[in-house]
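Chain and residue survey
Now for the letters of each chain:
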Amino acid sequence: MSDFVQVVRQKVTENPSVMLMSLAKELGRPEAEVVAALPEEMRVHASKNDFGAIWAAMTGWESSTFITIGCGGVVEVEGKLPQGNFMHGMFNLTDRQCPLGGHLFINKLEHIWFVSKPFFNKESHSVQFFDAAGDQMFAVYLGRNEQREIIPSVKEAYMHMRSEFAV
């Protein structure tokens, strides 16, 4: 096990809710490398070629939170994910009934990770999408109910996807 992997795992053991983006910045490494160094039970890698099938499966979830982080802030959109299609190197979100719309630069996608790691001391699961530089493009977190607990049917679907798409 490399020194880097040991450091990441030690930091996550000390603080299971540590934000991976913050840890990547602290260690001077891309966030995707930090995810890859997590304990095996916390992460599963999927092929970027499965993006369409993974996205389609997530559109069946009752609710999710789409998150993207840019220079201007963190954008979160809760609700059902829209259907989409591939065109001109992008994945175009096509369902105008959903609150999330736009175009995802999927031609830049290099890694997909299923991540199961506590966040603010609560159970948390997500599908995270990274570019070739290891920067997070966006992530989709499992939806929560009014009590802020993960919706059981969404968790069940996620766990099935996590094993189905593992490479």
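These lines cover the structure that appears in this document, whether it is placed above or below.

Definitions and limits used
Every chain is numbered independently, its residues counted from 1 as its sequence is written. Only residues with pLDDT of at least 70 are given local features in this predicted model, and only at 80 or more are side-chain atom pairs given and counted; all residues enter the totals for whole chains, interfaces and linings. Hydrogens are left out, water is left out, and the side-chain values use all remaining heavy atoms of the structure. Strands here mean DSSP runs of E at least two residues long; helices mean DSSP runs of H or I at least four residues long; both are numbered from the N terminus. Between two residues, a contact is recorded if the distance between any of their heavy atoms is within 4.5 Å. Each accessible area value is a Shrake-Rupley result obtained with a 1.4 Å probe; residue values ignore everything except the protein chains displayed when judging cover. A positive count includes Lys and Arg, and a negative count includes Asp and Glu. His and the chain ends are not counted in either. In plain terms, the charge of a residue is placed at NZ if it is Lys, CZ if Arg, CG if Asp and CD if Glu. Two strands pair if DSSP finds at least two bridges between them. Classification of residues uses two cut-offs on accessible area relative to the type maximum, computed with a 1.4 Å probe and protein chains only: under 20% is buried, over 50% is exposed, and between them is partly exposed. The definition of a polar contact used here is a pair of N or O atoms within 3.5 Å, where within protein one atom must be able to donate a hydrogen and the other to accept one, and adjacent residues in sequence count solely through side-chain atom pairs. With axes taken as lines fitted to C-alpha atoms, and helix axes fitted only over the stretch in contact, angles between N-to-C directions fall between 0 and 180 degrees. Candidates for patches are residues over 30% relative accessible area with no salt bridge; among them, like charges are joined within 9 Å and nonpolar side chains (Val, Leu, Ile, Met, Phe, Trp, Tyr) within 5 Å. Salt bridges, as used here, are contacts in which a Lys or Arg side-chain nitrogen is within 4 Å of a carboxyl oxygen on Asp or Glu.

1. As for the overall build of the chain
On a plain count of helices and strands, the chain comes out with five helices and nine strands. Reported as C-alpha extents along the three principal axes, the dimensions of the chain are approximately 45 × 40 × 35 Å. For the chain, the share of sequence-separated contacts (at least 6 apart) that also reach a separation of at least 24 residues comes to 52%. Element-wise, carbon and sulfur atoms account for 52% of the exposed surface of the chain, whose accessible area totals about 9000 Å². One finds the centroid of the 15 positive side-chain charges in the chain at a distance of 2 Å from the centroid of its 20 negative side-chain charges.

2. Brief notes about the pairing of strand β2 (residues 64-70)
Note on strand geometry: in a regular strand, side chains alternate between the two faces of the sheet. Bridge analysis of β2 against strand β3 (residues 73-79) gives seven bridges, and the strand direction is antiparallel. Within β3, the position partnered with Ile69 by the bridge is Val74. In textbook terms, the turn of a hairpin is the stretch between consecutive antiparallel strands, and for β2 and β3 this stretch comprises two residues.

3. So, the environment of Val7
For Val7, the location among the structural elements is in helix α1 (residues 3-14). Given the relative accessible area of 36%, Val7 is considered partly exposed. Between the C-alpha atoms of Val7 and Ala37, which are 30 residues apart in sequence, the distance is 8.9 Å.

4. Quick notes on the side chain of Ser47
Relative to the assigned elements, Ser47 resides in the loop between β1 (43-46) and α4 (51-58). Looking at Ser47, its side chain comes within polar contact range of the main-chain nitrogen of Asn49, at 3.1 Å.

5. Re the sheet that holds strand β6 (residues 102-104)
Sheet strands pair via backbone hydrogen bonds, and the direction of the pair is either parallel or antiparallel. An order of β4-β5-β6 is seen for the three strands of this open sheet, with the pairing classed as antiparallel. Looking at strand neighbours, the two that pair on one side only are β4 (84-87) and β6, the edges of this open sheet. The average angle at which neighbouring strand axes cross in this sheet is 30°, direction not considered. Bridge count between strand β5 (residues 90-93) and β6: three bridges; the pairing is antiparallel. Looking at the pairing, Leu93 lines up with Gly102 of β6. Along the sheet, α4 makes contact with β4, β5 and β6, crossing β5 at roughly 15°.

6. Thoughts on a nonpolar patch on the surface
Taken together, Met19, Met21, Ile69, Val74, Phe119 and Phe120 make up a surface patch of nonpolar side chains, about 540 Å² in accessible area. If you trace the backbone, Met21 turns up in helix α2 (residues 20-27).

7. Concerning the sheet that holds strand β7 (residues 109-116)
One open sheet holds the six strands; their spatial order is β1-β7-β8-β9-β2-β3, and the pairing between them is antiparallel. Either end of the sheet is taken by a strand with one partner, and the two such strands are β1 and β3. On average, each strand axis in the sheet is inclined to that of its neighbour by 20°, with strand direction left out of account. As paired elements, β1 and β7 share four bridges and run antiparallel to each other.

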